[in-house]
Amino acid sequence: MSLKEKVKNLPSSPGVYLMKDSLNSVIYVGKSKNLKNRVGSYFQNSKSHSPKVLKLVKNLKDFDYILTDTEFEAFILECKLIKTIKPMYNKQMKNPKSYSYIKIIVNEKYPSIEISNESSEIDGNIYFGPYTSRNTVERGIEGIKEFCKIFCSNNSRKASSCLNYSLGLCLGMCLDNTPSKQYLNIFDKIIKLLEGDDKSLLTEMEHKMNSLSDNFDFEKAAKYRDYISAVNYLIDKVKVIEFAEENKNIALLEPLGDNIIKFFLIKGNKLLFSEKYSIKAIENLKSIMKNNILFYFKDKGSKNLTGIGKEDIDEAQIIYSYLKNKSNNCNYVIISEKCFSSLNNASINKILDKLLS
């Protein structure tokens, strides 16, 4: 059977596809809400195909696929397969160097900010991350440094002005004449921005972008637009990590049609349980939900998860984005630890009513 015939026989269902080369090696793993449309797009002549896709298609000799009940499961399975198989065309999730942290070195007269491949809990510095896009992190830090005028290019601090000082991008740390209080105030605002507690610095950057645009300096305005986009990425990633590290007990329900639902239990960045049920037997479903919630959240899942590291961030991002995406046809409820002491029929009914609403 030719590949095009094989594509025609694909179901229009969620799932994961595995592209193979002439040696039958998996060279790319992807996911889709509609496998037939997604895989079929690779075999259509399109000017929108990126060079990577064109090269992939050229080496594509066969493909396999795995059906899932929901798009959410397709996301999770794709992530797992990429980390296990490490296909050559899936670079983002397989390469440890693509993950990075923001490191604030605090034990200096002038604290500094840099990008690190690792984080540490014992060196006394402050870390943010991990982030999956190193390029975006670099862009965001560059924008913050430039706007705050701490873009010093002379780390020796030997009373010799750096090039950026003459360009107005450095306050003068290289000359060792920047007031320490002024500098520390700047870094305090940067830390609060990265923590998501104070976005005033981002607002000031937006004002500068608008001012540049009003003065017809569209090139610099576009540069600040890119800076702001990168900084927003840094802030959003903090929300993902915080959400996962709070070890929330999450019950997720997604309708599959014909009175069938898929029920998930999630803790932090881990999918603990998933099963399909009929909602026709509603009283039986309540009993099943209660037993599973008690088992996975109170008994088996009572131990809190550790911090989110490089190996965890992809799953955390998938779960957070899926829950927060209002276009997804699913409901979820966060079950507090206090609920377990009185997990009776009344509380189960409340959980179920919210999930089915």
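1. What to know about the sheet that holds strand E4 (residues 100–105)
Read across the sheet, three strands follow the order E5-E4-E6 without closing on themselves; strand pairing throughout is antiparallel. Edge positions in the sheet fall to strand E5 (112–116) and strand E6 (126–131), since each has one partner strand and no second. Across this sheet, the average inter-strand angle for adjacent strands is 20°, counted without regard to direction.

2. Quick look at unusual backbone geometry
Following Gly129, the chain continues to Pro130 via a peptide bond in cis, the omega torsion being 10°. Within the secondary structure, Pro130 is located in strand E6. We note that Lys86 has phi near 55°; this positive angle belongs to a residue other than glycine. We classify Lys86 as partly exposed; its relative accessible area is 47%. At Lys149, a position not held by glycine, the phi torsion is positive, near 60°. Along the polypeptide, Lys149 turns up in the loop between helix H5 (134–148) and helix H6 (163–166).

3. Some remarks on the packing of H5 against helix H9 (residues 218–245)
Where H5 contacts H9, the two axes come as close as 8 Å, and the packing angle between them is 115°. Seen along the crossing, H5 lies across H9 with a hand that is left-handed. Facing H5, whose interface residues are Thr136, Val137, Arg139, Gly140, Ile141, Glu142, Gly143, Ile144, Glu146 and Phe147, H9 presents Lys223, Tyr224, Asp226, Tyr227, Ala230, Val231, Tyr233 and Leu234. For the contact of H5 with H9, a count of residues per class yields ten nonpolar, three polar and five charged.

4. Notes on the sheet that holds strand E9 (residues 270–278)
Pairing is antiparallel across the open sheet formed by four strands, whose spatial order is E9-E8-E7-E10. Each edge of the open sheet carries a strand with a single partner, namely E9 and strand E10 (331–335). Taken pair by pair, the neighbouring strands of this sheet meet at an average axis angle of 20°, ignoring direction. When strand E7 (residues 249–257) meets strand E8 (residues 260–267), the two strands line up antiparallel, connected through eight bridges.

5. Observations regarding the packing of aromatic side chains
One pass over the full model with this rule turns up 15 aromatic pairs. For the ring pair Phe75 and Tyr322, a centre distance of 6.3 Å and an interplane angle of 65° mean the geometry is edge-to-face. In this pair, Phe75 is assigned in helix H4 (residues 71–85) and Tyr322 in helix H11 (residues 313–324), connecting sequence segments 247 residues apart. Take Tyr322: its relative accessible area is 4%, and that puts it in the buried class. Residues Phe263 and Phe273 carry aromatic rings whose centres are separated by 6.4 Å and whose planes lie at 70° to one another, so their mutual orientation is edge-to-face. With a gap of ten residues between them, Phe263 in strand E8 and Phe273 in strand E9 connect regions that are remote in the sequence.

What counts, and where the lines are drawn
Within each chain, residue numbers correspond to sequence positions counted from 1 in written order. Local features are withheld for residues below a pLDDT of 70 in this predicted model, meaning they are given only at 70 or higher, and side-chain atom pairs are given and counted only at 80 or more; totals for whole chains, interfaces and linings count all residues. The basis for every side-chain value is the complete set of heavy atoms in the structure, and neither hydrogens nor water enter the calculation. Any two strands are treated as partners once DSSP identifies two or more bridges connecting them. Helix and strand definitions here come from DSSP, where helices need a minimum of 4 consecutive H or I residues and strands a minimum of 2 consecutive E residues; each element is numbered from the N-terminal end. To get an axis, fit a line to the C-alpha atoms, keeping to the stretch in contact for a helix; angles then go from 0 to 180 degrees between the N-to-C directions. Exposure is judged per residue with a 1.4 Å probe applied to protein chains only, and the accessible area is read against the type maximum: over 50% gives exposed, under 20% gives buried, and values in between give partly exposed. The sense of a crossing depends on the near helix, which, turned anticlockwise from the far helix by less than a right angle, makes the crossing left-handed and, turned clockwise, makes it right-handed. Contacts are residue-level and defined by heavy atoms, with any inter-residue pair within 4.5 Å sufficient. We call Asp, Glu, Lys and Arg charged. Ala, Val, Leu, Ile, Met, Phe, Trp, Tyr, Cys and Pro are nonpolar, and the rest, Gly among them, are polar. Here is the rule: rings of Phe, Tyr and Trp (six-membered ring for Trp) pair when centre to centre is within 6.5 Å. Planes less than 30 degrees apart are stacked, more than 60 are edge-to-face, and the remainder are tilted.

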